[in-house]
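Spelled out, the chains give:
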Amino acid sequence: MIPLYPLSAVAHQPDLRLALSLLAVSPDIGGVLIRGDRGAAKSTAARGLAALLPPAPDGTPAPFVSLPLGATEDRVVGTLDLEAALRGEVRLQPGLLAQADGGVLYIDEVNLLADHLVDVLLDVAAMGVNRVQRDGLSAEHPARLALVGSMNPEEGNLRPQFLDRFGLCVDVLAPTAAAERAEIVRRRMAFEADPAAFLATWRAEEEALAARLAAARERLPRVRVPDALLDTIATLSAEAGVRSLRADLVLYRAARALAALEGREEVQHEDLSRVAPLVLAHRRDPRLPPPPPPAAPPTPAETPPEQGETPGAGPQDTPEDILAPTPPAAPLPLSPLAAAGSRRGGAGGPGRVVSSVPDPHPAALAVPATLRAALSRAAAGAGPAALTRGDFHAPVREEVAGRRVLFVADASGSMGTRERMGAVKGAMLAVLSEQGRRDRVALITFRGAGATLALDFTTDAAAAEAAITAAPTGGRTPLAHALRLAADVLAGEPQAQLVLLTDGRANVPLTPGGDAWAEALQMARALRQALRGAPALVVDTETGHVRLGRAAQLAQALGAEVTTLGGPQ
């Protein structure tokens, strides 16, 4: 058996070790989600947890089962045993959940797993039982397991409803201090050079941790939570903007587990303070306003101020407003190209096969499921094994990636003086309300001296709404900077749609002394190459009696459609 790196030897990740220890004491917490950098000991710590769990009744160590991303639903939950069916027996062939009973089920890159599989796994982790209904069979088996998922947020987030289902969440970062990094490397190299000697060195600490966890599991049923602390639990959840009561229940369970781990039979206020960040960080409402940043001193202006700016103010330190969204006069006409897919039967199109459903007239046949259905019927004495239309199953394909939309929003001073930014925000939020659950959006805002990626591509509508609503307005118009940043962002998101909302009045050049408008057109032509044929839309926000009509010129350079906030021109 391959030796496992001991959890007690994982250095400089105290929150990760605490979260996994709490899960080892009380699996009904509902699992641990580990988010963070590559190479931050996520999988190493998860494997180390399995060695600290109670062994099976026959003395075998607790299992560690890693769920591959390509696993089908049948492989995960179980299916009909074909070999037994050929002998006339109806028997369930257990899946990965049965193999992980009593141990750890680890899902690396859980954010890339099919949604319906995430749902099944979280249900089983919460209930401790796997109920299977497959091919006319109904069965259940124990699946009391510690569920650990890991992910790199750079590769996309989990949908909010799945985030809420994970009991605890730890954000891990690779240490930046040289001494800490050196210590981690030193330990890892010692383990790889001589695993037996390394394990012997850490045996005392590992055995002490295992004994502490075992004592905590025995103590846990006796731990009580004073009634007064229930109000504290409710207050902590409410202050984080969490509407789901699951947070309150997990706070309760995690605090009991911590008290048991500390050798006490009554929860204290300090226990809630320690576990609250692990319980609430991934559930916190992102629309809650962050604390205001400290004000920076003003700097002299380098160019004449645009309408809406205060003379003498610097490019970034002009008066700014955060304007509330206002309902749009008409929806933005986004292209339906690459719209969100859905689970469906059939062989064509993208998306791997993840399951099957009965279908007497399938567009494509799920052969294994069809044969299982016929064998199951024959074994149950309901007729011969010859295929009938009642046995036919169609494949169910994973949802394909949804539409991706990059908003590039002008947040300069002129947008605020005419309160156009409120209409821009309203138009973007209206698009969000129509998005499919797999659609992803990102936001670039530009004002002052440059452009900012205010929100990277995400499926989290609440996070997108928060970024759009909180975008400040004020300053000059660095349009060329925004287009250059958009090209960089789209380089990693092929076929993403672009929505540019601006009046086109560029006045911040890329190079000192340059022509801001000429550079903007140049960047627009470069951005057209980055789009690689993906649809683009320019929303002309210009108003007033005197109009320059630059949005139409930008659209021509981009190869984009052009419209206004009130509808097509």
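Residues numbered from 1 in each chain as written. Predicted model: local features only at pLDDT ≥ 70, side-chain atom pairs only at ≥ 80, totals over all residues. Heavy atoms only, no water.

### Some words on unusual backbone geometry
Turning to step 1, where the next piece is worked out: Here the phi dihedral of histidine 12 falls at roughly 60°; this positive angle occurs in a residue that is not glycine.
Turning to step 2, where the next piece is worked out: By the element assignment, histidine 12 lies in the segment before α1 (14-25).
Turning to step 3, where the next piece is worked out: Judged by relative accessible area, histidine 12 falls into the partly exposed class, the value being 36%.
Turning to step 4, where the next piece is worked out: Of note in this structure, glutamate 109 is not a glycine but carries a positive phi near 55°.
Turning to step 5, where the next piece is worked out: Mapped onto the fold, glutamate 109 is located in the loop between β5 (104-108) and α6 (115-127).
Turning to step 6, where the next piece is worked out: The class of glutamate 109 is partly exposed, set by a relative accessible area of 26%. (Helix = DSSP H or I, 4+ residues; strand = E, 2+ residues; numbered from the N terminus. Buried < 20%, exposed > 50% of the residue type's maximum accessible area, 1.4 Å probe, protein only.)

### Focus on the packing of aromatic side chains
Aromatic ring pairs are defined here through the distance separating the ring centres and the angle between the ring planes.
Turning to step 1, where the next piece is worked out: If you walk through the whole model with that rule in mind, you get five aromatic pairs.
Turning to step 2, where the next piece is worked out: Pairing phenylalanine 191 with phenylalanine 198 gives two aromatic rings, centres 5.6 Å apart and planes at 75°, and the pair type is edge-to-face.
Turning to step 3, where the next piece is worked out: For phenylalanine 191, a relative accessible area of 7% puts it in the buried group. (Phe/Tyr/Trp six-rings, centres within 6.5 Å; stacked < 30°, edge-to-face > 60°.)

### Considering the nonpolar core
Turning to step 1, where the next piece is worked out: Counting residues in hydrophobic clusters, the biggest one holds 60 residues, and the most contacted among them are Leu22, Leu49, Val148 and Leu168.
Turning to step 2, where the next piece is worked out: Sort the elements by how many residues they give to this core and helix α11 (residues 246-261) lands first, with ten residues.
Turning to step 3, where the next piece is worked out: Beyond its immediate stretch of four places on either side in the chain, leucine 168 contacts Ala19, Leu22, Ile29, Gly31, Val32, Leu33, Val250, Ala254, Leu278, Val279 and His282.
Turning to step 4, where the next piece is worked out: Counting 36 residues, the second largest nonpolar core, distinct from the first, contains Val408, Trp517, Met523 and Ala534. (Core = buried A, V, L, I, M, F, W, Y, C linked by side-chain atoms within 4.5 Å. Contact = heavy atoms within 4.5 Å.)

### Topic: the sheet that holds strand β1 (residues 32-36)
Turning to step 1, where the next piece is worked out: Reading across the sheet, the five strands line up as β2-β5-β8-β1-β9 and stay open at both edges, with parallel pairing between neighbours. Edge positions in the sheet fall to β2 (64-66) and β9 (168-172), since each of these pairs with one other strand and no more. When the angles between neighbouring strand axes are averaged without regard to direction, this sheet yields 20°.
Turning to step 2, where the next piece is worked out: Packed on one face of the sheet, helix α2 (residues 42-50) meets β1, β2, β5, β8 (146-151) and β9 and runs near 170° to β5. (Pairing = 2+ DSSP bridges. Axes fitted to C-alpha atoms, helices over the stretch in contact; angles between N-to-C directions.)

### Focus: the environment of serine 26
Turning to step 1, where the next piece is worked out: Its place among the elements puts serine 26 in the loop between α1 and β1.
Turning to step 2, where the next piece is worked out: The exposure class assigned to serine 26 is buried, which follows from its relative accessible area of 4%.
Turning to step 3, where the next piece is worked out: When the C-alpha atoms of serine 26 and arginine 253 are compared, they prove to be 7.5 Å apart, with 227 residues separating the residues in sequence.
Turning to step 4, where the next piece is worked out: Among residues more than four places away in sequence, those in contact with serine 26 are Leu220 and Ala257.

### Quick notes on helix α18 (residues 516-531)
Turning to step 1, where the next piece is worked out: The end-to-end C-alpha distance of α18, which contains 16 residues, comes to 22 Å, matching closely the 22 Å that a straight helix rising 1.5 Å per residue would cover.
Turning to step 2, where the next piece is worked out: Listing the buried residues of α18 in full gives Ala516, Trp517, Glu519, Ala520, Leu521, Met523, Ala524, Leu527, Ala530 and Leu531.
Turning to step 3, where the next piece is worked out: In the core, the buried residues of α18 are packed alongside α17 (479-491), β16 (497-502), β17 (536-540) and α19 (550-558).
Turning to step 4, where the next piece is worked out: Where α18 begins, the side chain of aspartate 515 points an oxygen toward the backbone nitrogen of tryptophan 517, at a separation of 3.0 Å.
Turning to step 5, where the next piece is worked out: With its phi angle positive at about 50°, arginine 532 sits one or two positions after the end of α18. (Expected span 1.5 Å × (residues − 1). Polar contact = N/O pair within 3.5 Å; in protein donor to acceptor, adjacent residues only side chain to side chain.)

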